[in-house]
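Residue-level structural notes
Now for the letters of each chain:
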Amino acid sequence: MDIIRTEIVDGLLKRRSIRSYTDEQLSSREIETIVQCGLWAPSGRNNQTTFFSVVTDRQLLKQLQAELMENTDNPSKWMSGSFYYNAPCVIFMFGKDGDRWSQINGAIAAENMHIAAHSLGLGSIILGIIKDFMLSDKGEKWKEILKVPEGYSFVLALAAGYIDKDSKPLPRNEGNVVYITEDNA
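In short, a report on the structure. (Residues numbered from 1 in each chain as written. Predicted model: local features only at pLDDT ≥ 70, side-chain atom pairs only at ≥ 80, totals over all residues. Heavy atoms only, no water.)

1. A closer look at the overall build of the chain
If you tally the helices and strands in the chain, you get seven helices and four strands. Its helices and strands taken in sequence order, the chain reads α-α-β-α-α-β-α-β-α-α-β from the N to the C terminus. Based on the C-alpha atoms only, the size of the chain along its principal axes is roughly 55 × 40 × 35 Å. Sequence-distant contacts in the chain: of pairs separated by 6 or more residues, those separated by 24 or more amount to 82%. With an accessible surface of roughly 11500 Å², the chain has 51% of that area assigned to carbon and sulfur atoms. Computing the positive centroid from 20 side-chain charges and the negative centroid from 24, the chain places the two 2 Å apart. (Helix = DSSP H or I, 4+ residues; strand = E, 2+ residues; numbered from the N terminus. Contact = heavy atoms within 4.5 Å. Areas by Shrake-Rupley, 256 points an atom, 1.4 Å probe, with all protein chains shown as cover. Lys, Arg positive; Asp, Glu negative; His and termini not counted. Charge placed at Lys NZ, Arg CZ, Asp CG, Glu CD.)

Rendered as structure tokens:
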């Protein structure tokens, strides 16, 4: 792979989705840094339609996990232990209803925060596995608990914490790329 190496490029290539965290809570400064990177993510027409709910209350996260399992007909292996892998911090992102860019805006914010966590020496993972539950009638009550304003719907969540066990890089599918140039058009 003949690419230009920079600190940011290396960070992007080295980041991993982490599924094992220590019990140590993140500092308020670490959390605020990650959240600010989400707030400063680009958004369609600069509408800034992503709402963030930051949860460090472990009991509340365990309660959500329990309700999720009670209300899931066919739980995936990813949900069976803990959908947030027992990370000490989960940031839930909601997009403004009716804004055609909300889902994309939330995804860009999640990626910004994922990379920010990596740059701080922390682990994180972007979580979409709970989307069906969060968009269900049972999930609606969680919008209240998470203090989400009216008119917003769940997009993604991001779990973050100190890495207990790192993930190994998986091969990339280079076949998913085609280059169209003047020479081969």
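2. Description of the pattern of salt bridges
Using the criterion set out here, one finds three salt bridges in the structure. Notably, a salt bridge pairs Arg 5 with Asp 10, separated by 2.5 Å at the nearest N-O pair. Classification of Arg 5 as partly exposed rests on a relative accessible area of 48%. Between Lys 141 and Glu 67 there is a salt bridge, and its shortest N-O distance comes to 2.8 Å. Here Glu 67 lies in helix α3 (residues 58-70) and Lys 141 lies in helix α7 (residues 137-145), a separation of 74 residues in the sequence. Owing to a relative accessible area of 13%, Glu 67 belongs among the buried residues under this scheme. (Salt bridge = Lys/Arg side-chain N within 4 Å of Asp/Glu carboxyl O. Buried < 20%, exposed > 50% of the residue type's maximum accessible area, 1.4 Å probe, protein only.)

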